[in-house]
Amino acid sequence: MNPVTVVWSMIAAACLTLAAVHLPVWWRNREARATLAFTLAATSTAAIAILELQLLNSRSVAAYAETLKWGHVPVALMMISLAAFAYHYLDADWPWLAIGGLALRLVSLVLDFTTGVNINYLEITRLHDFTLLGERVAAPEGVPNPWMAIAQLGVILLALFLARATVMTWRRGRRAVAVFVGCSLTFYLAAGACQAFLVYWGLVPAAPSTLSLFSLGVVVVMGYALSVDLLRARRLVLDLREREEEANLAADAANLGIWTRYIARDEIRASDKWRELFGFRPGEQVGTDQVLARIHVDDRATFAKRLTQAAREHGGYQSEFRLVLPDGRLRWIAALGRIDFDARGRALRSRGACIDITARKNTEQEMLRLRQDIAHVSRVSVMGQLASNLAHEINQPLGAILRNAEAATLILQKPAPDLQEIDAILEDIRNDDQRAGEVVDRMRTMLRRRELAMAPLDCGQVLGDVAALLRADAAARHVGLELAVPADLPAVRGDRVQIQQVLLNLILNAMDALDGLDDQSRFVAVTARRQETQGVEISVADSGPGIPADQLERIFEPFVTTKTQGIGMGLSISRGIVETHGGRLRAENNAGRGATFRFTLPLAG
Ligand code: ADP
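For clarity, every value in this text was computed on a predicted model and none was experimentally measured.

### A short note on the overall build of the protein chain
Argument step 1. Assigned secondary structure in the protein chain consists of 15 helices and 14 strands.
Argument step 2. Its C-alpha atoms give the protein chain principal-axis dimensions of roughly 160 × 55 × 45 Å.
Argument step 3. Out of the 605 residues belonging to the protein chain, those deemed buried represent 43%.
Argument step 4. By sequence separation, contacts in the protein chain at least 24 residues apart represent 65% of the contacts at least 6 residues apart.

### Side note on a nonpolar patch on the surface
Argument step 1. There is a patch of nonpolar side chains on the surface, built from Leu 40, Leu 77, Ile 80 and Leu 106 and spanning about 290 Å² of accessible area.
Argument step 2. Within the secondary structure, Leu 77 sits in helix H3 (residues 61–89).

### Section: the sheet that holds strand S12 (residues 535–542)
Argument step 1. The strand order across the open sheet formed by five strands is S9-S11-S12-S14-S13, and the pairing between neighbours is mixed. Strands at the two margins of the open sheet, each flanked by one partner only, are strand S9 (480–484) and strand S13 (586–589). Direction aside, neighbouring strands of the sheet carry axes that sit 20 degrees apart on average.
Argument step 2. Both S9 and strand S11 (residues 523–531) contribute to a ladder of five bridges, which runs parallel. Following the sheet pairing, Ala 484 is matched in S11 by Thr 527.
Argument step 3. The strands touched by helix H13 (residues 459–476) within the sheet are S9, S11 and S12, with S9 carrying the most contacts at an inclination of about 175 degrees.
Argument step 4. The strands touched by helix H14 (residues 496–513) within the sheet are S9, S11, S12 and strand S14 (595–601), with S12 carrying the most contacts at an inclination of about 25 degrees.

### Observations regarding the site of the ligand
Argument step 1. Neighbouring residues of the ligand: 18 residues in total, closest Asp 542, Thr 561, Thr 562, Lys 563 and Gly 568.
Argument step 2. A distance of 2.8 Å separates an oxygen atom of the ligand from a polar side-chain atom of Asn 509.
Argument step 3. Lys 563 places a polar side-chain atom, nitrogen or oxygen, 2.7 Å from an oxygen atom of the ligand.
Argument step 4. Isolated, the ligand exposes 530 Å² of accessible area, and the fraction of that covered by the protein chains is 90%.
Argument step 5. Structurally, the ligand is housed in the largest pocket.
Argument step 6. Among the elements of the structure, H14 and helix H15 (570–580) are those that each provide at least two residues to the shell around the ligand.

### Quick look at helix H10 (residues 297–313)
Given 3.6 residues per helical turn, the α-helix brings residues three or four places apart onto the same face.
Argument step 1. With 17 residues, H10 extends 25 Å between its outermost C-alpha atoms, agreeing within 8% with the 24 Å of an ideal straight helix rising 1.5 Å per residue.
Argument step 2. One or two positions beyond H10, positive phi appears at His 314, with a value near 55 degrees.

### Focus on H14
Argument step 1. Taking 1.5 Å per residue, 18 residues should reach 26 Å; H14 reaches 26 Å between its end C-alpha atoms and fits that length.
Argument step 2. By the N-cap criterion, in which a side-chain oxygen at the helix start approaches the backbone nitrogen of a residue two or three places on, H14 is capped by Asp 495, the distance to Val 497 being 3.2 Å.

### Details of the packing of aromatic side chains
Argument step 1. Under the definition given, this model contains 14 aromatic pairs.
Argument step 2. Ring geometry for Phe 180 versus Tyr 224: centroids 6.3 Å apart, planes at 65 degrees, classification edge-to-face. Of this pair, Phe 180 sits in helix H6 (residues 175–200) while Tyr 224 sits in helix H7 (residues 211–253); the two residues are 44 residues apart in sequence, bridging distant segments of the chain.
Argument step 3. Their ring planes at 65 degrees and their centres at 4.9 Å tell us that Phe 303 and Phe 321 sit as a pair that is edge-to-face.

### Digging into the nonpolar core
Argument step 1. Judged by nonpolar contacts, the single largest core of 51 residues is most densely connected at Leu 503, Leu 504, Val 524, Ile 538, Phe 597 and Phe 599.
Argument step 2. Elements supplying a minimum of two residues to this core: helix H11 (358–413), helix H12 (419–447), H13, H14, S11, S12, H15 and S14.
Argument step 3. The biggest single contributor to this core is H14, with ten residues.
Argument step 4. If sequence neighbours within four positions are ignored, Leu 504 has contacts with Val 382, Met 383, Leu 386, Met 446, Val 466, Leu 469 and Leu 470.

### Here we look at empty space enclosed by the protein
Argument step 1. All chains considered together, the criterion is met by two cavities of 30 Å³ or more.
Argument step 2. Taken as a whole, the largest cavity encloses approximately 500 Å³ of empty space.
Argument step 3. When residues of the lining of the largest cavity are traced back to their parent elements, those giving at least two are helix H2 (33–56), H3, helix H5 (148–171), H6 and H7.
Argument step 4. Space inside the second largest cavity adds up to approximately 30 Å³.

### Here's the deal with the sheet that holds strand S5 (residues 316–324)
Argument step 1. Strands sit in the order S4-S3-S7-S6-S5 across an open sheet of five strands; the sheet is antiparallel. Two strands close off the open sheet at either side, each with one partner strand: strand S4 (267–270) and S5. Across the sheet, the axes of successive neighbouring strands diverge by a mean angle of 25 degrees, strand direction being ignored.
Argument step 2. Here S5 runs beside strand S6 (residues 330–341); their pairing, made up of nine bridges, is antiparallel. Bridging across to S6, Ser 319 finds its partner in Ala 335.
Argument step 3. H10 contacts S5 and S6 of the sheet and is inclined by roughly 160 degrees relative to S5.
Argument step 4. Packed on one face of the sheet, H11 meets S5, S6 and strand S7 (347–356) and runs near 125 degrees to S6.

### So, the packing of H11 against H13
Argument step 1. Running from N to C, H11 and H13 cross one another at 85 degrees; their axes reach a closest spacing of 9 Å. Comparing their axes, H13 and H11 come out roughly perpendicular. Residues Met 383, Leu 386, Asn 389, Leu 390 and Glu 393 of H11 form the contact with H13, whose own contacting residues are Ala 468, Leu 469, Leu 470, Arg 471, Ala 472, Asp 473 and Ala 476.

Cut-off values and rules
Residues numbered from 1 in each chain as written. Predicted model: local features only at pLDDT ≥ 70, side-chain atom pairs only at ≥ 80, totals over all residues. Heavy atoms only, no water. Helix = DSSP H or I, 4+ residues; strand = E, 2+ residues; numbered from the N terminus. Buried < 20%, exposed > 50% of the residue type's maximum accessible area, 1.4 Å probe, protein only. Contact = heavy atoms within 4.5 Å. Patch = residues over 30% accessible without salt bridge, like charges linked within 9 Å, V, L, I, M, F, W, Y side chains within 5 Å. Areas by Shrake-Rupley, 256 points an atom, 1.4 Å probe, with all protein chains shown as cover. Salt bridge = Lys/Arg side-chain N within 4 Å of Asp/Glu carboxyl O. Pairing = 2+ DSSP bridges. Axes fitted to C-alpha atoms, helices over the stretch in contact; angles between N-to-C directions. Near = heavy atom within 4 Å. Polar contact = N/O pair within 3.5 Å; in protein donor to acceptor, adjacent residues only side chain to side chain. 1 Å grid on protein atoms, 1.4 Å probe; cavity = no way out; pocket = protein on both sides within 12 Å on 5 of 7 lines; lining within 4 Å. Sits in = over half its atoms within 2 Å of the grid points. Expected span 1.5 Å × (residues − 1). Phe/Tyr/Trp six-rings, centres within 6.5 Å; stacked < 30°, edge-to-face > 60°. Core = buried A, V, L, I, M, F, W, Y, C linked by side-chain atoms within 4.5 Å. Points joined across faces, edges and corners; volume = space filled by probe spheres on them. Parallel < 35°, antiparallel > 145°, perpendicular 65-115°, else oblique.

Rendered as structure tokens:
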């Protein structure tokens, strides 16, 4: 076989192989338009090589003209793929240059079939013999077709487009790409165009066209560029894997479980730590239903609400919830997550991190239990202070019951007892018994150890109960206890016993502050009023000496007391209780005399 046939066949075979390899690559990733352009360029080059081999071996003028005519089809395809590659791979600018160049090329393709024997010649007069690689090949001679100028203008525009894209790529800092890809492509296009210009206008007589060699140059440069990209992508994948491993290591060290949920296919990819936290086996298929099934039934709705809210507001979310593990154990989890959206605002995936907070939650609950125990002990101690006066409160109705019972006995001993009077006495006995029973009930409520129970409360009733417990004490200490509660005050939300405990502490402190003052000026005023923004404010004001300015905050600290019998826990416990109710307990000195303690409670609604 002669060397020209070998070389040109090899060019065609190599290009077809490259095209066959790259077509499936593009098929799998339709975004890779540069790969599609490369596939088209390689296929066109193979076609150009095959037709050109036919030209070089041509022995008849007619066959030469016909083959040259059809040769312009793959050349046009080659130019389209070259423009497309430059557009996607280089930082192309001025696309109208490419559009103009390709438009002229398509016009010239029509002229190729409609004028002369083809776009190059009006007539081919004869074929010369030319020696190429030691072989005799055909070289044309004839009358040039003037329409050829249109085709060549198209090539010039495309070469300018490539040159401009190369300059822009250089300016944007991709200098290696500009030199190795941009300059090379421009060179091969310009060189091929120059050779065609010289041969077909007859400026170099009796020379053959070897366009395939330049076209092969273009394919090699494109292939090189794609291979460099492939290498870079591979390096990026390795880098990414390394970063992922580092991130997983850091997450494991911090005991964080990491997860990503692909929303469309409802698939969750998670780290081993996350699976361990949620009680899933490694490799077990996990979707939203399985995760929701693990979450404690009381926390599920709140968790789902957070997710919906995050999706609606295009933001992140934070949540704390309990898991029920397959072995029945409870685990507290704190989760932090974010939802990613595509350009059209559709939720693509959510991802986040989880951490086990069971130990913290247990400590918090233990602290709460301790606080409740301290509050209970303090209540018992306050009731101890009131005990002797409360005993008096109970003794009074009991004494009255006894006296009424004796009177009834005397009446019944008469021959005609007055039954109406007996009835009135029994009514009195019933009322006195009820009074004594209420005092015992109130005491029992205050002394009982119990869990926090938030409920709607009527302020008037709560204050009334406290006043009833303190009535005897206030009377014994000659203190005027005034209550002012508007009838239309809305219900507040709180724990009845704890709010009563706060009021007892404040009123007893106020009464203590009055010790040593003369009887006329000993009063404590308890007022409840509606506040514009914060619900209901309750204040306890006294007419005592007030609090030294530098002690206004200190008195709320534990164990701060000025009393010989005091332990200094009352205000600290009261502030804790008010804060659990979402309010704040403050002290201030009155404009005249005495101090006022205020706190707020949220409305029940
Ligand atoms: P205790 O009653 O055991 O002293 P508290 O925490 O209830 O503990 O009170 C701390 C201190 O705050 C009291 O010792 C007193 O000095 C001061 N205090 C509380 N209420 C008043 C008041 N109404 N007027 C003046 N001082 C007060």
